[in-house]
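Understanding the architecture of this molecule
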Amino acid sequence: MTTSVSPVLPGRDASRPGSPPRRRPWLTYQRKDALAGYVFIAPQLIGIVGFVLVPLVLIFYYSVHEWNVLAGTFTFVGLENVEALFADPQMGEVLTATGIFSVGLVVFNLSLALLLAVLLNRRWRGVTAFRTIFFSPVVVSLVAWTIVWGFLLQDNGGINGLLALVGVDGPNWLREGPTALLSVVVVQVFKNVGLNMVLFLAALQGVPRELQEAAKVDGADERQIFGRIVIPLISPTILLTVIITIVGSLQVYAQIAVLTQGGPGISTTVLVYYLVQQAFDFHHFGYGSTLAILLFLIVLVLTIAQWQLRKRWVFYEN
Amino acid sequence: MRTDTLFDTEPAGSLDPNLDAAGRRPARRPRRPSSAGRKVVFYGVLSLLAVPFVFPTWWMITSSLKPVNEIFAFPPSLWPADPTLQAYADAFTIQPFAQQYFNSLYIAIVVTTGTMLIAAMAGYAFARIRFPGQNALFLVVLMGLLIPSEVTIVPLFQMFNGLGLVNTHWPILLVTTFGAPSVLATFIMRQFFLTLPVELEEAARLDGLGRWAIWWRIALPLSRTALAAVAIFTFLHVWNLYLEPTVYLLSPELFTLPQALTRYTDAYGGEMWNVQMAASTMTALPVLIVFVFAQKQFVEGLAQTGLKG
């Protein structure tokens, strides 16, 4: 730190003309300011170190140990948990469910969000009310929303009741393999699609009108304008929402726990659910930590990708 | 990104308003008028799409008013034939629901207030104060954004177990206030403070104010919009927490609402749907009502967070 150009506080430099120049106190303005900076960030920094970074180091430590809670033993086992991970007969199904869930969520969520944004990006009467309707599930309590859908999707629930009115015999949505995962995806899409819709609306409003009008003059129809001008211009937003939605989908836990408890079989057991089950239901803390590392690595890769895309996105915005 | 106009005013650069619902323009039609027929299609499609967004809430509220024998009536009734508030009364007697409601409320208020304070301090320092190691420390803090809370739940549980704090509210209060959600808040606050004019602070400094006074009396009052955004997404995040309470809390009188909602079962483990719907209604409706009145802040606030889920 240099101390040469500090703004002088009133009363600080008490040297009078004629008297010998006083030595500057050690606590200059900059030093005081820097000290204030450390104090300001201290709560946040301590929190991150204590509740994020130390636990992160600990999962690596736990993952090379076998932890028997009942016997109270904690023994070093090296890479046995990693070997168990590769040998785990359920891992294939868990990762498949996780992958299908993420891809399904991205496809349904983004196509519906884009459709809604395009429909609602106009000046017609009542459009604002519809925007409110599509956004409103975002603020409804997640578990309440999920419970209601669980109620609706039962074998004798509201959905099948409505289907029966038109003569269709609906499946037992949450208890049959193929429909259970689909149901969880759909429930999650309706809950959160409003967020992506808002992002797309903002992006669509950033598309210059002159470009579209120029294309129209050149004889392009609406479909061509949308496909060749609008989509490329909002593509940074599309890429960003894809990554955000995938990372979010990897953290979905409450919906699974409330709707299906991972079943039927393990067909809806996604990675987070499996992790919590192994650690807290079966008390396999070492194995649970290994699963946590796997989850962390997947999220890490996706977040780095998101960061790269965000740079592009910000650049585009400017 | 512009989100300020999304809900309250009309879009500035919207697509041609003459599109029909499928995004096509019919051939051979004069340019200006949007015919009544296409408006009918437009509003028809939107109303149909709105059903899965509105129906669950409708079903939740009406079912909470139905007596048990009407819950699974066939054909399903969209309106309770014989409305009763019995389920609402039952929600409070089967579980300590008032206590659980209070738990959720006070945890949400404490965490939201704490997060606003911590994030406003750290965000201000990272944006406005120069100190050695600033960039490195900012990167350390940003690491918190990278690591989902699900990844660290096992060691955190063990830490709090070792401290004897399992089955108390402390893990939820501490981890949620100081951990990952406040990092996002700090980032938002930093971005906001970067845009504040420096001259304001220089003037205050010449008037002899120290950093705390500048922060508290100049910067904070100017950052109401950013603080509101942080408050909204923090509140929603805490209000929705499910994994942490189920891991840390064992006694029903300590439960938070999301956890409590799943525990309305009869002696045989069967779901008591009307009671569950009553409790769900009481959990969901207050926030929904606040949203309808303050939707502009909600949408801007959530759009600023970079969006979860």
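Residues numbered from 1 in each chain as written. Chains lettered and ligands numbered in written order. Predicted model: local features only at pLDDT ≥ 70, side-chain atom pairs only at ≥ 80, totals over all residues. Heavy atoms only, no water.

As annotated in an unreviewed UniProt entry, chain B carries the name Carbohydrate ABC transporter permease and is attributed to Microbacterium oleivorans. The Subcellular location (unreviewed entry) field of the UniProt record for chain B holds the comment "Cell membrane". (UniProt positions renumbered as here; feature names shortened; annotations may be inferred.)

By the naming in an unreviewed UniProt entry, chain A goes by Sugar ABC transporter permease and is assigned to Microbacterium oleivorans. UniProt lists a comment for chain A under the heading Sequence similarities (unreviewed entry), and it reads "Belongs to the binding-protein-dependent transport system permease family."

For chain B, the helix and strand inventory stands at 15 helices and zero strands. Across the 309 residues of chain B, 53% fall into the buried class. Contacts spanning at least 24 positions in sequence make up 67% of the contacts within chain B whose residues lie at least 6 apart. (Helix = DSSP H or I, 4+ residues; strand = E, 2+ residues; numbered from the N terminus. Buried < 20%, exposed > 50% of the residue type's maximum accessible area, 1.4 Å probe, protein only. Contact = heavy atoms within 4.5 Å.)

All names here are of chain A. Domain boundaries assigned for chain A yield domain 1 (31-76) and domain 2 (89-313). In this structure, domain 1 and domain 2 have C-alpha centres spaced 32 Å apart. Each partner contributes to the interface: domain 1 provides eight residues, whereas domain 2 provides eight residues. Approximately 740 Å² of surface area, both sides summed, lies buried where domain 1 meets domain 2, with 78% of it carried by carbon and sulfur atoms. Summed over the shared surface of domain 1 and domain 2, the number is zero salt bridges. Inspection of the domain 1/domain 2 interface yields zero residue pairs in polar contact (both at pLDDT 80 or more). Within the residue set of the side of domain 1 that touches domain 2, elements represented by two or more residues are helix H1 (29-63) and strand S1 (65-68). (Domains from an automatic or database assignment. Buried area = accessible area lost by both parts, 1.4 Å probe. Salt bridge = Lys/Arg side-chain N within 4 Å of Asp/Glu carboxyl O. Polar contact = N/O pair within 3.5 Å; in protein donor to acceptor, adjacent residues only side chain to side chain.)

Right, let's talk about the UniProt feature "domain: ABC transmembrane type-1" (unreviewed entry) in chain A for a bit. Mapped onto this numbering, the UniProt entry annotates "domain: ABC transmembrane type-1" (unreviewed entry) at residues 95-306 of chain A. Between the end C-alpha atoms of residues 95-306 of chain A there is a gap of 21 Å, over a span that is 75% helix and 0% strand.

This brings us to the UniProt feature "transmembrane region" (unreviewed entry) in chain B. Residue and element names in this part refer to chain B. The UniProt entry lists residues 40-61, 105-127, 136-160, 172-193, 214-239 and 273-294 under the feature "transmembrane region" (unreviewed entry), expressed in the numbering used here. In residues 40-61, helix accounts for 100% and strand for 0%; the two terminal C-alpha atoms are 29 Å from one another. End C-alpha atoms of residues 172-193 are separated by 29 Å, and the span's content is 95% helix alongside 0% strand.

Another point: the packing of aromatic side chains. One pass over the structure, following the stated rule, counts 46 aromatic pairs over all chains. With 5.8 Å between their ring centres and 15° between their planes, A:Trp149 and A:Phe190 make a pair best called stacked. Here the residue A:Trp149 occupies a position in helix H5 (residues 142-152), and A:Phe190 occupies one in helix H7 (residues 177-205), the gap between them amounting to 41 residues. For the pair A:Trp149 and A:Phe190, one class covers both residues: buried. Measuring from centroid to centroid gives 5.4 Å for B:Tyr124 and B:Phe193, while their planes differ by 90°, and the two rings are edge-to-face. Of this pair, B:Tyr124 sits in helix H4 (residues 97-128) while B:Phe193 sits in helix H8 (residues 180-194), placing them 69 residues apart in sequence. (Phe/Tyr/Trp six-rings, centres within 6.5 Å; stacked < 30°, edge-to-face > 60°.)

Before going further, it helps to spend a moment on the packing of helix H3 (residues 86-94) of chain B against helix H14 (residues 273-293) of chain B. All names here are of chain B. Their axes nearest at 8 Å, the elements H3 and H14 cross at an angle of 90°. With respect to H14, the axis of H3 lies roughly perpendicular. Listed contacts from H14 to Ala87, Tyr88, Asp90, Ala91, Phe92 and Ile94 of H3 are Asn274, Val275, Ala278, Ala279, Thr281 and Met282. (Axes fitted to C-alpha atoms, helices over the stretch in contact; angles between N-to-C directions. Parallel < 35°, antiparallel > 145°, perpendicular 65-115°, else oblique.)

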